[in-house]
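# Summary of structural features
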Amino acid sequence: MFAASHLFWKGWENMRKASLAAIASASLILIGPHAGAATISYEGDALPQASTPAWGVFLDDTAGAGGVVSGGILTITTAPTQSLGYRLFSSPGGWDPTLGGTDIDIRMKVVSQAQGAGRAGDFLVATGTQAWLVRWGAARVSEELLGGGFDLDTTDAFHTYRLSVAGTEGPLNIYVDGAAVPSVSLPGVDSTANRLDFGDQLDGDGGVVQWDYIRWTNNEVPEPASLSVLVLGGCALRRTRRRDV
Ligand SMILES: [Ca+2]
Ligand SMILES: [Ca+2]
């Protein structure tokens, strides 16, 4: 008798888990990346120009110092008189203004800032209407075009920087290592550029910077219809849970 009821209970339990999983996966489909979302990553497994998609080398006066890939890390070495930049999306632009916003996760480390250099490396975010140029020094993260930034030891370890742009107009919020609150929130400057650039793009900057990955996601705003279905899905999930208690 015990075995039979135990079996029945296990069967019910499995069915309940299956239906919960079905509801959960249906909800995930709704809130996950939509067909219109675009995701691109550079993982440091090859030089940017040899990766998929291939980045253009738009600045290279490093005279051989340049970029070196090892163990999934791209290391860029520049003297203050040298520069090296990699570019994606210059034509056509990659930023879809009909999509809702963008997160760019960058895991990187400043190994050293060259003597006399302003900063060591940088990243340009340009949405087609606004642009930001984020720069990393050994002790500060800043924005070049309007100013603003925050102090941080960028040399002690790899840090993950999330550059999050609301829509195409901004502001740009920078989150460090998954923090809930941005370290800085910056308005952009007007720009028709539509691209991503990274490396050492500025005269006067230089040093050794290691880039582990760059992951770019252009998100679609969920449509109101999808949202209402999502809310219904959430209610169903709650009701199911309540019945179980
Ligand atoms: Ca430079
Ligand atoms: Ca990597």
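As a reminder, the structure under discussion sits directly above these lines.
Right, let's walk through the structure included here.

Conventions used here
- Residues numbered from 1 in each chain as written.
- Chains lettered and ligands numbered in written order.
- Predicted model: local features only at pLDDT ≥ 70, side-chain atom pairs only at ≥ 80, totals over all residues.
- Heavy atoms only, no water.
- Donors = N, O, S within 2.8 Å, 3.2 Å for Na, K, Ca; no water.
- Tetrahedral: all angles 85-135°; square planar, octahedral: opposite > 155°, others 65-115°.
- Buried < 20%, exposed > 50% of the residue type's maximum accessible area, 1.4 Å probe, protein only.
- Helix = DSSP H or I, 4+ residues; strand = E, 2+ residues; numbered from the N terminus.
- Phe/Tyr/Trp six-rings, centres within 6.5 Å; stacked < 30°, edge-to-face > 60°.
- Pairing = 2+ DSSP bridges.
- Core = buried A, V, L, I, M, F, W, Y, C linked by side-chain atoms within 4.5 Å.
- Contact = heavy atoms within 4.5 Å.
- Salt bridge = Lys/Arg side-chain N within 4 Å of Asp/Glu carboxyl O.

Bringing the coordination of the calcium ion (ligand 1) into the picture now. Six octahedral donors around a metal ideally subtend angles of 90 or 180 degrees, whereas four tetrahedral donors ideally subtend 109.5 degrees. Every protein donor of the calcium ion (ligand 1) is accounted for by Gln-82 (O), Ser-83 (OG), Asp-200 (OD), Asp-200 (OD), Leu-202 (O) and Asp-205 (O), and the metal-donor separations fall at 2.3 to 2.8 Å. Taken together, the six donor atoms surrounding the calcium ion (ligand 1) define angles of 50 to 174° at the centre, an arrangement classified as irregular. Here the donor residues for the calcium ion (ligand 1) map to a single chain with the spacing Q-S-x116-D-x1-L-x2-D. Taking relative accessible area as the criterion, Asp-200 reaches 1% and is therefore assigned buried.

Protein-derived coordination of the calcium ion (ligand 2) comes from Glu-43 (O), Gly-72 (O), Asp-212 (O) and Asp-212 (OD), at a distance range of 2.2 to 2.4 Å. Look at where the donors of the calcium ion (ligand 2) fall in the sequence and you get E-x28-G-x139-D. One end of the pair, Glu-43, is in the loop between β1 (38-42) and β2 (56-60); the other, Gly-72, is in the loop between β3 (67-70) and β4 (73-78), and 29 residues separate them in sequence. Under the relative-accessibility criterion, Glu-43 is labelled partly exposed at 25%. Gly-72 sits in the buried class, given a relative accessible area of 15%.

Before going further, it helps to examine unusual backbone geometry. Backbone torsion omega between Thr-52 and Pro-53 reads -5°, so that peptide bond is classified as cis. Relative to the helices and strands, Pro-53 is located in the loop between β1 and β2. In this structure, Pro-171 follows Gly-170 across a cis peptide bond, with omega equal to 10°. Structurally, the position occupied by Pro-171 is in the loop between β11 (159-166) and β12 (172-176). One non-glycine residue, Asp-177, adopts positive backbone phi at about 55°. Relative to the helices and strands, Asp-177 resides in the loop between β12 and β13 (184-186).

Okay, the packing of aromatic side chains next. According to the stated counting rule, one finds nine aromatic pairs in the structure shown. Ring geometry for Tyr-42 and Phe-198: centres 6.0 Å apart, planes at 40°, overall tilted. Within this pair, whereas Tyr-42 is found in strand β1, its partner Phe-198 is found in strand β15 (residues 194-200), the two being separated by 156 residues in sequence. Residues Tyr-86 and Phe-198 carry aromatic rings whose centres are separated by 5.4 Å and whose planes lie at 35° to one another, so their mutual orientation is tilted.

This paragraph deals with the pairing of strand β16 (residues 207-219). Relative to β16, β1 runs antiparallel, the two sharing five bridges. The residue of β16 that forms the bridge with Ile-40 is Trp-216. Pairing of β4 with β16 involves five bridges; the strand directions are antiparallel. If you follow Leu-74 over to β16, its bridge partner there is Trp-211. By the bridge criterion, 12 bridges tie strand β6 (residues 101-113) to β16 in an arrangement that is antiparallel. Each residue of the ladder has a partner; that of Arg-107, found in β16, is Tyr-213.

By size, the foremost hydrophobic cluster in this structure holds 36 residues, and its most contacted members are Ile-104, Ile-106, Phe-123, Trp-136, Leu-163, Phe-198 and Trp-211. Discounting chain neighbours no more than four positions away, the residues touching Ile-104 are Trp-95, Phe-123, Val-125, Tyr-161, Arg-162, Leu-163, Leu-196, Ile-214, Arg-215 and Trp-216. Counting five residues, the second-largest nonpolar core is a separate cluster that includes Leu-124, Ala-126, Ala-131 and Ala-193.

Below, the discussion takes up the pattern of salt bridges. Scanning the model with the defined rule gives nine salt bridges in all. One salt bridge connects Arg-162 with Asp-103, and the closest N-O pair in it is separated by 3.5 Å. Within this pair, whereas Arg-162 is found in strand β11, its partner Asp-103 is found in strand β6, the two being separated by 59 residues in sequence. Of the charged contacts in the structure, one is a salt bridge between Asp-197 and Arg-195, with a shortest N-O distance of 2.8 Å. Considered together, Asp-197 and Arg-195 belong to a single accessibility category, that of buried residues.

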